[in-house]
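Coordinate analysis (summary)
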Amino acid sequence: MRIDFDPAHCDRNTFYRLMTATVVPRPIAWVSTTSAEGTDNLAPHSFFTISCVEPPVVQFTSVGRKDSLRNIEDTGAFVVNFAPEPLFEQINATATDFPRGISEFDTVGIEREASLRVKPPRVAASPVALECELHSTVRLGDSTVVFGQVVHAAVDAAVMTDGHPEVARLAPLSRLGKDEWGTLGEVREISRVPYTEWQGRGQAG
């Protein structure tokens, strides 16, 4: 038996909690920005993914008009810092609704690192930083989708194996429902089956 939920007849928070508990796990964009006045902001956003390969574009969603969104609209730049398990408490702390003008870097005690192509700083302890220039935004109801073209990627050599990031070394965090977070857990590997092999199986049958 299924329980039906109609968003037209649910309050906003009920359906929001349902979606965030079922669209899981969600990778975290730990977004650093700099305001027009020069204050560095840092906040996690769990509606995050890749949008395009060529040119490389990533996207995250600001639910409401948060400082990250305002700063990006004002300056046109941001950095997506990878959210690793060892920085769990710091990442959670930067989700606090600090008043505008207060830097999460300074308040939480997170070390900065200068970016190469954009003004906002990187998180020094994060193993991967994607420096982005604003491509476009799309307003959807109470949220805004931010598209950023990646103009530079910086990866810690310690997480690389044979020239490629190793997921076990990255130790990614993800968001689940409620106040729940996910860690890497078991990694399973399987290759895609080419269509020619499917044809062969059908003929063999």
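The following paragraphs examine the structure supplied in this document. (Residues numbered from 1 in each chain as written. Predicted model: local features only at pLDDT ≥ 70, side-chain atom pairs only at ≥ 80, totals over all residues. Heavy atoms only, no water.)

Observations regarding the environment of Leu69
Let me state the cut-off plainly: Secondary structure elements are taken from DSSP: a helix is a run of H or I of four residues or more, a strand is a run of E of two residues or more, and numbering for both begins at the N terminus. Contact criterion: two residues are considered in contact whenever any of their non-hydrogen atoms come within 4.5 Å of each other.
Looking at the secondary structure, you find Leu69 in helix α2 (residues 67-75). Setting aside its immediate chain neighbours within four residues, Leu69 contacts Ser62, Gly64, Thr144 and Val146.

Quick word on the sheet that holds strand β14 (residues 181-182)
Cut-off, in case you're wondering: When DSSP finds two or more bridges between two strands, those strands count as paired.
Strands sit in the order β1-β13-β14 across an open sheet of three strands; the sheet is antiparallel. Two strands in the sheet have a free side with no partner beyond their single neighbour: β1 (26-27) and β14.

Focus on the layout of surface pockets
In plain terms, the rule: Cavity: a set of points on a 1 Å grid over the protein atoms alone where a 1.4 Å probe fits but cannot get out. Pocket: an open set with protein on both sides within 12 Å along at least five of seven lines, its lining residues, like those of a cavity, having an atom within 4 Å of a point. Grid points are joined across faces, edges and corners, and a volume is the space filled by probe spheres set on the points. Here the nonpolar group is Ala, Val, Leu, Ile, Met, Phe, Trp, Tyr, Cys and Pro; Asp, Glu, Lys and Arg are the charged ones; every other residue, Gly included, is treated as polar.
In this model, the largest pocket occupies a volume close to 780 Å³. As for the largest pocket, its lining consists of 31 residues, of which Tyr16, Pro44, His45, Lys66 and Ala95 are closest to the centre. At the level of elements, α1 (12-22), β3 (40-45), β5 (57-63) and α2 are the ones that each hand at least two residues to the lining of the largest pocket. Broken down by class, the residue content of the lining of the largest pocket amounts to eleven nonpolar, ten polar and ten charged. Empty space within the second largest pocket amounts to approximately 660 Å³. Every residue lining the second largest pocket is counted, 28 residues in all, and those nearest its centre are Pro27, Phe48, Ile50, Phe82 and Leu130. Every element with two or more residues in the lining of the second largest pocket is listed here: β1, β4 (48-52), β5, β6 (77-81), β9 (128-140) and β10 (143-155). Broken down by element, the residue count for the lining of the second largest pocket peaks at four residues, all from β4.

Quick look at the packing of aromatic side chains
Rules: Centre distance within 6.5 Å is the pairing criterion for rings of Phe, Tyr and Trp, where only the six-membered ring of Trp is used; planes under 30 degrees apart are then read as stacked, over 60 as edge-to-face, and the remainder as tilted.
Under the counting rule described, the total for this entry stands at two aromatic pairs. Measuring from ring centre to ring centre gives 5.6 Å for Phe60 and Phe78, while their planes differ by 75°; the resulting arrangement is edge-to-face. With Phe60 in strand β5 and Phe78 in strand β6, the pair connects residues that are 18 residues apart, well separated along the chain. Centroid distance Phe88 to Trp181: 5.1 Å. Interplanar angle 85°. Geometry classified as edge-to-face. Here the residue Phe88 occupies a position in helix α3 (residues 88-93), and Trp181 occupies one in strand β14, the gap between them amounting to 93 residues.

Examining unusual backbone geometry
How we decide: Throughout this description, buried means an accessible area under 20% of the type-specific maximum (1.4 Å probe, protein chains only), exposed means over 50%, and partly exposed covers the range between.
With an omega dihedral of -10°, the bond running from Val24 to Pro25 counts as a cis peptide bond. Relative to the elements of secondary structure, Pro25 occurs in the loop between α1 and β1. Following Glu54, the chain continues into Pro55 via a peptide bond in cis, with omega recorded as 5°. With respect to the helices and strands, Pro55 occurs in the loop between β4 and β5. At Ala171, a position not held by glycine, the phi torsion is positive, near 50°. Positionally, Ala171 belongs in the loop between α5 (167-170) and β13 (174-175). Take Ala171: its relative accessible area is 16%, and that puts it in the buried class. The backbone phi angle of Lys178 is positive, close to 50°, even though this residue is not glycine. Lys178 sits in the exposed class, given a relative accessible area of 67%.

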